[in-house]
Amino acid sequence: MLKERRSLAVAPRTAVALAVLGLVALAAPAGAAEEAPALPLTSADLKGISTPSADDLAKGDPGGTLTGTAADIVMTDPKAGLTLADVVNQVGQNRIAINFVWTLVAGFLVMFMQAGFALVETGLCRAKNANHTMMMNFMVYGFGLFAYWVMGFAIQQGGSAGISNLGGMNPLNNEFKLSLFGKDWGLFGTRGFFLSGDTYDVAVMVLFLFQMVFMDTATTIVTGAAAERWKFAAFAISTFFLGAITYPLFGNWAWGGGWLSQLGVNFKLGHGYCDFAGSGVVHSVGGLTALAVAMIVGPRIGKYNRDGSPNAMPGHDITMVLLGCFILAFGWFGFNPGSTLGASGNGSLRIGSIAVNTMLAGCTGSFGALLYMWIRFGKPDASMSGNGLLAGLVAITAPSGFVNTVGATIIGFAAGVLVCLSVEFLERVMKIDDPVGATSVHGTCGLFGVLCVGLFADGTSNYGGSWNGVDGSVTGLFYGDPGQFVAQLIGVCTLVGVIFTLSYVFNALIDVFVGQRVSADVELEGLDLPEMGALGYPEFQLVTPGLGRSIEIGG
Amino acid sequence: MKGLGLALIVGGWMVAIGGLVASEATMVRLAASLAGLATSLAGIAALNGAHLENAVWKARGR
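How each quantity is defined
- Each chain carries its own residue numbering, running from 1 in the written order of its sequence.
- Throughout, the order in which chains and ligands are written sets their labels, letters from A for the former and numbers from 1 for the latter.
- Residue-level local features of this predicted model are given only where pLDDT is at least 70; pairs of side-chain atoms are given and counted only at 80 or more, and the full residue set underlies all totals for whole chains, interfaces and linings.
- Runs of H or I in DSSP of at least four residues are treated as helices and runs of E of at least two as strands, each being numbered from the N terminus.
- Between the two quantities, the radius of gyration covers C-alpha atoms and the globule rule is 2.2 Å times the number of residues to the power 0.38.
- We call a residue exposed when 12 or fewer other C-beta atoms sit within 10 Å of its C-beta, buried when the count reaches 20 or more, and partly exposed for counts in between; the C-beta positions come from the backbone.
- Any residue pair is listed as a contact if its two C-beta atoms, each placed from the backbone, are within 7 Å.
- The term nonpolar core refers to a set of buried Ala, Val, Leu, Ile, Met, Phe, Trp, Tyr and Cys residues connected through C-beta atoms within 7 Å.
- Whether two strands pair comes down to DSSP finding at least two bridges between them.
- In a helix, the anticipated span is given by 1.5 Å times the number of residues less one.
- Take the seven residues that end at a residue and the seven that start at it, fit an axis to each, and the angle between those axes is the bend at that residue.
- Residues are grouped as follows: nonpolar covers Ala, Val, Leu, Ile, Met, Phe, Trp, Tyr, Cys and Pro; charged covers Asp, Glu, Lys and Arg; every other residue, Gly included, is treated as polar.
- Between N-to-C directions, angles cover 0 to 180 degrees, with each direction set by a line fitted to C-alpha atoms, over the stretch in contact for helices.
- Throughout, a crossing is termed right-handed when the near helix is turned clockwise from the far one, and left-handed when it is turned anticlockwise from it by less than a right angle.
- On a scale of 0 to 100, pLDDT captures the predictor's confidence in every residue.
- Roughly parallel means an angle under 35 degrees; roughly antiparallel means over 145; roughly perpendicular covers 65 to 115; every other angle is labelled oblique.

## A look at the overall build of chain A
Right, on to step 1. Within chain A one finds 19 helices and six strands.
Right, on to step 2. A globule of 555 residues ought to have a C-alpha radius of gyration of about 24 Å, and chain A, at 26 Å, matches this closely.
Right, on to step 3. By its C-alpha atoms, chain A is 90 × 65 × 50 Å across when sized along the principal axes.
Right, on to step 4. Looking at chain A as a whole, 56% of its 555 residues qualify as buried.
Right, on to step 5. Taking as baseline every contact in chain A between residues at least 6 positions apart, the subset at least 24 positions apart corresponds to 75%.

What follows is the structure in structure tokens.
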């Protein structure tokens, strides 16, 4: 995310005016500039600009040459006519409008990723749990949004003023900090609870929407790891906590001006912790919470034999899974390029590069996983190819704004292989039952993506001349800055050491007071009827292979 | 066992932060971060081991 642009946020209209005058000067012939100084543009110069007549416009504009002229610029005083101030203000508003629309549309794409997650997770679960799994994915949207509106957004972004791409964000201006070891350690923001008071602001609303759908992505990761045995009530409470506390805390430290983002300013570690679109903030937080919940609820009945050897428990609809993966890949074009929070100014035109990096890493991720599974097991596994695609996308999310296409390709491919290794390790060695591989896809590959910033950032990005308050471009170890890698490593340590612990402790408390896991009878029957009151597929006979249990409904 | 696991997980993070504030040398900070991460991962393994003691698949009849 673009952060710490305070210097550029100063007097934006003056900057725009200078830019307009600069363009006028550049447009003049070089020879003329030597002979006489360029004259500044004045309001009088605007009087002679011809605009289409009413008669011309009445004939229609099939060629598109008459629509969008000086006549469409809003005048402060129509009697005085068009002034230079009108033009300059229009230029400034157009830039912010472009950035608003870009950020909102990107946010809408990310919101649609919820549908992708729902399909992937439901398809990878058994049919007897389809309604329950789908409903968890459906309701994270509501539970998460409410928690984030009440307090999550304020904790995360309440002290992050200075995003000039959205016009400055000045109401979000108070960060709670501790002073330790002679440095300020930003911990959480304090403006924006319920989006009330001064934060009733157009730019704050745009930022809220965009950040909210990111948070929702993190919450929906957890539902996959705990699927097929998680009590719906426990899920609801856990999701609220993740959206209100855990996610926003790390979001603040990384994106809201908190202490991790200041590792460069305070400790001379590159540009501080850098996470362009959220391999750490979104995916690692979600993946590590998924790991904590999966540990607490334990493996499904039938997943492991008495000797500890695992059994395969295939999902019920692979077409649903792969369709979900496609939807997620589509939504990721909002996730990564949208994280510039704009398409105009501050180097935001890098969105083209970011989109291509996203595309490449996803494709090479699926290729890496497919190749690994084909070589190791003799078949190109469909579900792991889908997980490989997601792994590549997760891993490129943090570095997408800082690396070139070669880096993106390597990162994606490595993540595709890594997710297969991680799934096997968790299932066979750790004996953690994760029905959809959420911990591996989002946790393992998220942490890998965070580290990749510190390795592959090529030093060519220029988002307004600085990042996290440090001048210059983010540069990784392979391009000469070992300090950036250390900053990323400290981010990984914080995710594992603090965020995982926080998630674990809270979910352990839920387990004590509410109970996280359904009873064995409910689990064997399937969660649809006991937990949700309705089957996902009421007219089918559902049989769980190997367990000798079936449900026959309807007909 | 769960307490030990959690202590290792948080302790690993404190090792990484300790290295950050104790030295300005990049290599020292790198070594402290790697040691801290390894400690935290060992803590997760210990915590998981504690949960597996009562795993459902170890129970009779499941």
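## Section: the overall build of chain B
Right, on to step 1. Across its full length, chain B holds two helices and zero strands.
Right, on to step 2. Taking 62 residues into account, the globule formula puts the C-alpha radius of gyration at 11 Å, and chain B, at 16 Å, lies well above it.
Right, on to step 3. Projected onto its principal axes, the C-alpha positions of chain B cover 60 × 15 × 10 Å.
Right, on to step 4. Burial analysis of chain B (62 residues in total) assigns 35% to the buried set.

## Quick notes on the nonpolar core
One broad trend across soluble globular proteins is that nonpolar side chains are buried collectively.
Right, on to step 1. By size, the foremost hydrophobic cluster in this structure holds 162 residues, and its most contacted members are Ala391, Ala395 and Ala415 of chain A.
Right, on to step 2. Apart from residues lying up to four places away in sequence, Ala415 of chain A is in contact with Gly365, Ala391, Gly392, Val394, Ala395, Cys445 and Phe448 of chain A.

## With respect to the pairing of strand E1 (residues 175-180) of chain A
Residue and element names in this part refer to chain A.
Right, on to step 1. Relative to strand E2 (residues 183-189), E1 runs antiparallel, the two sharing six bridges. The residue bridging Lys177 from the neighbouring strand is Gly186, located in E2.
Right, on to step 2. A loop of two residues connects E1 with E2, the two strands running antiparallel in sequence, and Phe181 in this loop sits at a positive phi of about 55°.

## Observations concerning helix H16 (residues 438-456) of chain A
Residues and elements named next belong to chain A.
Right, on to step 1. Compared with the 27 Å implied by 1.5 Å per residue over 19 residues, the 25 Å span of H16 between its first and last C-alpha is a close match.
Right, on to step 2. At Gly446, H16 shows its maximal bend, which comes to roughly 25°.
Right, on to step 3. Of all 19 residues making up H16, 18 are buried, and the element is well covered by its neighbours.

## Digging into unusual backbone geometry
Residue and element names in this part refer to chain A.
Right, on to step 1. Backbone geometry places Leu195, a non-glycine residue, at a positive phi of 50°.
Right, on to step 2. Counting through the fold element by element, Leu195 comes out in the loop between E2 and helix H8 (202-225).
Right, on to step 3. Residue classification places Leu195 among the partly exposed residues on the basis of 16 C-beta atoms within 10 Å.
Right, on to step 4. At Lys268, a position not held by glycine, the phi torsion is positive, near 55°.
Right, on to step 5. Along the polypeptide, Lys268 turns up in the loop between helix H10 (263-267) and helix H11 (279-297).
Right, on to step 6. Residue classification places Lys268 among the partly exposed residues on the basis of 13 C-beta atoms within 10 Å.

## A closer look at the interface of chain A and chain B
Right, on to step 1. Opposite the 26 residues of chain A that make contact, chain B presents 24 residues.
Right, on to step 2. Sort the elements by how many residues they give to the side of chain A that touches chain B and helix H17 (residues 482-513) of chain A lands first, with 13 residues.
Right, on to step 3. Tallied by class, the residues present in the side of chain A that touches chain B amount to 17 nonpolar, six polar and three charged.

## Focus on the environment of Gly347 of chain A
Residue and element names in this part refer to chain A.
Right, on to step 1. For Gly347, the position within the fold is in the loop between helix H12 (318-335) and helix H13 (351-377).
Right, on to step 2. For Gly347, a count of 19 C-beta atoms within 10 Å gives the class partly exposed.
Right, on to step 3. What Gly347 contacts, discounting residues up to four positions off in sequence, is Ser461, Asn462, Tyr463 and Gly464.

## Observations concerning the packing of H13 of chain A against helix H15 (residues 405-430) of chain A
Right, on to step 1. As a packed pair, H13 of chain A and H15 of chain A sit with axes 7 Å apart at the nearest point and diverge in direction by 35°. The hand of the H13 of chain A/H15 of chain A crossing is right-handed.

## Focus: the environment of Gly446 of chain A
Right, on to step 1. Summarising the element assignment, Gly446 of chain A is placed in helix H16.
Right, on to step 2. Those residues in contact with Gly446 of chain A that lie beyond four places of it in its chain are Ser279, Gly280, His283, Ser284, Gly287 and Val394 of chain A.

## Concerning the confidence of the model for chain A
Right, on to step 1. Mean pLDDT over chain A stands at 90; residues scoring 70 or higher make up 91%.
Right, on to step 2. Counted against residues more than four places away or in other chains, residues 1-33 of chain A, with its pLDDT under 50, gives 51 contacts.

## Topic: helix H1 (residues 2-22) of chain B
Every α-helical turn comprises 3.6 residues, leaving residues that sit three or four positions apart pointing alike.
Right, on to step 1. Helix length check: H1 of chain B (21 residues) gives 30 Å between terminal C-alpha atoms against 30 Å at 1.5 Å per residue, within 8%.
Right, on to step 2. Those residues of H1 of chain B that sit buried are Gly5, Leu6, Leu8, Ile9, Gly12, Trp13, Val15, Ala16, Ile17, Gly19 and Leu20 of chain B.
Right, on to step 3. If you follow the buried residues of H1 of chain B, they end up packed against H10 and H17 of chain A together with helix H2 (26-52) of chain B.

## Details of the packing of H8 of chain A against H11 of chain A
All names here are of chain A.
Right, on to step 1. Two elements in contact, H8 and H11, have axes separated by 8 Å at closest approach and are oriented at 30°. It follows that H8 is roughly parallel to H11 by the angle criterion. Here H8 runs over H11; the crossing is right-handed. Between H8 and H11, the contacting residues are Phe214, Thr217, Ala218, Thr219, Ile221, Val222, Gly224 and Ala225 on the first element and Val282, Val285, Gly286, Gly287, Thr289, Ala290, Leu291, Val293 and Ala294 on the second.
Right, on to step 2. A class-by-class count of the residues in the contact of H8 with H11 yields 11 nonpolar, six polar and no charged.

## Digging into the confidence of the model for chain B
Right, on to step 1. Residue-level pLDDT values for chain B average 92, and 95% of them are 70 or greater.
Right, on to step 2. Two summary scores accompany this predicted model of the complex, namely pTM at 0.90 and ipTM at 0.96.

## Side note on the environment of Ser309 of chain A
Right, on to step 1. Looking at where Ser309 of chain A falls in the secondary structure, it is placed in the loop between H11 and H12.
Right, on to step 2. Spatially, the C-alpha atom of Ser309 of chain A lies 8.7 Å from that of Lys431 of chain A, the residues being 122 residues apart in sequence.

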